[in-house]
Amino acid sequence: MPLDRRRATDALLLVTAIAAVSTSAPLVREAAAPALTISLWRTTLGTAATVPFAVRERVVPNPRDRRLILIVGMVLAAHFATWISSLSYTSVASAVTLVSTQPVWAAIFSRQPVHRRVWTGIAVAMTGIVAVAGVDLSISGRALFGDALALAGGALAGLYVTIGAEVRQSVSTVTYTTGCYGVAAIALLAAGLVGRVNLIPQSAATWGWLLAITVGPQLLGHSLINAVLQRLDAVLVSVSILFEIVGASLLAWWWFGESPPAALYPAAALLLVGVLLVISGTRLATPPLE
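In short, a report on the structure. (Residues numbered from 1 in each chain as written. Predicted model: local features only at pLDDT ≥ 70, side-chain atom pairs only at ≥ 80, totals over all residues. Heavy atoms only, no water.)

### Brief notes about the packing of aromatic side chains
For step 1, the next point in the chain: Taken as a whole and judged by the stated rule, the model has five aromatic pairs.
For step 2, the next point in the chain: Taken together, a centroid distance of 4.8 Å and an interplanar angle of 70° make the contact between Trp 41 and Trp 207 edge-to-face. A residue pair is termed long-range when its members are at least 10 positions apart, and Trp 41 in helix 3 (residues 35–57) and Trp 207 in helix 10 (residues 204–228) qualify at 166 residues.
For step 3, the next point in the chain: The rings of Trp 209, Trp 254 and Trp 255 are connected pair by pair, giving a single aromatic cluster. (Phe/Tyr/Trp six-rings, centres within 6.5 Å; stacked < 30°, edge-to-face > 60°. Helix = DSSP H or I, 4+ residues; strand = E, 2+ residues; numbered from the N terminus.)

Below, the structure is given as structure tokens:
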């Protein structure tokens, strides 16, 4: 595939993924179930949806890739557990701001050289996030625990895309996604059983929302992100995912009648500038594909 066409395809897939993950917050609110329950079923149903395609491929990753898939699955489970749980302990503003440090962590974890323009782009994008979410760091023990969970969620998200980008160089999207979701589901099941969480929703409506979460944020969101990680830089993907906050705010406006903050539009502009800076910085640090 010609380079320009390949870049256009990856850009379209990434935009679709961001639109899909933007529906996560409204759908999670509608599901009205424990964090571990939602996380367990979105990964379990996601695994069930991708297993037939993985079986059809009949490809077994080498031992190194299997170890990395095991690690990244555990990281994904921990990300879901920490990030969603943080909302029960600290303010939404603090949780959103701290989990949005994902690009910073991705740059720290990256094995590739990070150009100073990329760091500038990350700083500009983070400024946009703070403008939307604000900074509301409390000093109570409960709030600090929630802040720590959200920060851990951001670090785990950065690690998730960084390891994923490495594995995707030699493992297909379907095989990687199935393995990752499967490991995450097992880990979340174990956590739920140990914590004695009610993992079986009783409401048919909740099951419907869980199915929507699986189709949208999980399959169209995470799976397409996994797909573009083969060619796009993990830091660029992490910064781009921050647009989820803008998308979620607009959806909440339409869905729940919650007016978006006045800073949403300038924040979106800052995010766009940040992404463009990261793109240009990535090209300066890495030779173009031939």
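### Considering the nonpolar core
For step 1, the next point in the chain: Membership of the largest hydrophobic core comes to 62 residues, with the highest contact counts inside it found for Ile 122, Tyr 160, Tyr 176, Val 235 and Val 237.
For step 2, the next point in the chain: If one sorts the elements of this core by residue count, helix 4 (residues 63–86) sits on top with seven residues.
For step 3, the next point in the chain: Excluding residues within four positions of it along the chain, Val 237 makes contact with Leu 14, Ile 225, Val 228, Leu 229 and Leu 232. (Core = buried A, V, L, I, M, F, W, Y, C linked by side-chain atoms within 4.5 Å. Buried < 20%, exposed > 50% of the residue type's maximum accessible area, 1.4 Å probe, protein only. Contact = heavy atoms within 4.5 Å.)

### What to know about the packing of helix 6 (residues 102–109) against helix 8 (residues 141–167)
For step 1, the next point in the chain: Put simply, helix 6 and helix 8 touch, their axes get as near as 7 Å, and they point 50° apart. What the angle tells us is that helix 6 and helix 8 run oblique. Seen from above, helix 6 lies across helix 8 with right-handed handedness. In this structure, helix 6 uses Gln 102, Trp 105, Ala 106 and Phe 109 to contact helix 8, whose residues at the interface are Leu 151, Gly 154, Ala 155, Ala 157, Gly 158, Leu 159, Val 161 and Thr 162.
For step 2, the next point in the chain: Residues of the contact of helix 6 with helix 8, tallied by class, amount to eight nonpolar, four polar and no charged. (Axes fitted to C-alpha atoms, helices over the stretch in contact; angles between N-to-C directions. Parallel < 35°, antiparallel > 145°, perpendicular 65-115°, else oblique. Left-handed = near helix turned anticlockwise from the far one by under 90°. Nonpolar A, V, L, I, M, F, W, Y, C, P; charged D, E, K, R; others polar.)

### So, the packing of helix 2 (residues 24–31) against helix 10
For step 1, the next point in the chain: Interaxial distance between helix 2 and helix 10 falls to 9 Å at its minimum, and their mutual angle equals 165°. Judged on the interaxial angle alone, helix 10 and helix 2 are roughly antiparallel. Taken as a pair, helix 2 and helix 10 cross one another with a handedness that is left-handed. Where helix 2 abuts helix 10, its residues Ser 24, Leu 27, Val 28, Glu 30 and Ala 31 lie against Thr 206, Trp 209, Ala 212, Ile 213 and Pro 217.
For step 2, the next point in the chain: Split by residue class, the contact of helix 2 with helix 10 holds seven nonpolar, two polar and one charged.

### Comments concerning the pattern of salt bridges
For step 1, the next point in the chain: On inspection of all chains with the given rule, the structure shows three salt bridges.
For step 2, the next point in the chain: In this structure, the salt-bridge partner of Glu 166 is Arg 64, at a minimum N-O distance of 2.2 Å. With Glu 166 in helix 8 and Arg 64 in helix 4, this residue pair connects regions lying 102 residues apart in the sequence.
For step 3, the next point in the chain: Classification of Glu 166 as partly exposed rests on a relative accessible area of 24%.
For step 4, the next point in the chain: Three or more residues joined by partner-sharing salt bridges are found here, namely Arg 64, Asp 65 and Glu 166. (Salt bridge = Lys/Arg side-chain N within 4 Å of Asp/Glu carboxyl O.)

### Looking at the environment of His 79
For step 1, the next point in the chain: With respect to the element layout, His 79 can be found in helix 4.
For step 2, the next point in the chain: Aside from chain neighbours lying at most four places away, what touches His 79 is Val 99, Gly 153, Leu 156 and Ala 157.
For step 3, the next point in the chain: Of note is the side chain of His 79, whose polar atom sits 2.9 Å from the backbone oxygen of Gly 153. (Polar contact = N/O pair within 3.5 Å; in protein donor to acceptor, adjacent residues only side chain to side chain.)

### Describing the environment of Val 275
For step 1, the next point in the chain: Structurally, the position occupied by Val 275 is in helix 13 (residues 264–285).
For step 2, the next point in the chain: Residue classification places Val 275 among the buried positions, given a relative accessible area of 9%.
For step 3, the next point in the chain: Excluding anything up to four places from it in sequence, Val 275 contacts Leu 236, Val 239, Ser 240 and Phe 243.

### Notes on unusual backbone geometry
For step 1, the next point in the chain: Here Ala 32, not a glycine, exhibits a phi torsion of approximately 50°, which is positive.
For step 2, the next point in the chain: Counting through the fold element by element, Ala 32 comes out in the loop between helix 2 and helix 3.
For step 3, the next point in the chain: In this structure, Arg 58 is a non-glycine residue whose phi angle is positive, near 55°.

### Describing a nonpolar patch on the surface
For step 1, the next point in the chain: A cluster of nonpolar residues, Ile 108, Phe 109 and Trp 119, forms a patch on the protein surface that exposes about 270 Å² of accessible area.
For step 2, the next point in the chain: Mapped onto the elements of the fold, Phe 109 is located in helix 6.
For step 3, the next point in the chain: Accessibility expressed as a relative area gives 31% for Phe 109, which makes it partly exposed. (Patch = residues over 30% accessible without salt bridge, like charges linked within 9 Å, V, L, I, M, F, W, Y side chains within 5 Å. Areas by Shrake-Rupley, 256 points an atom, 1.4 Å probe, with all protein chains shown as cover.)

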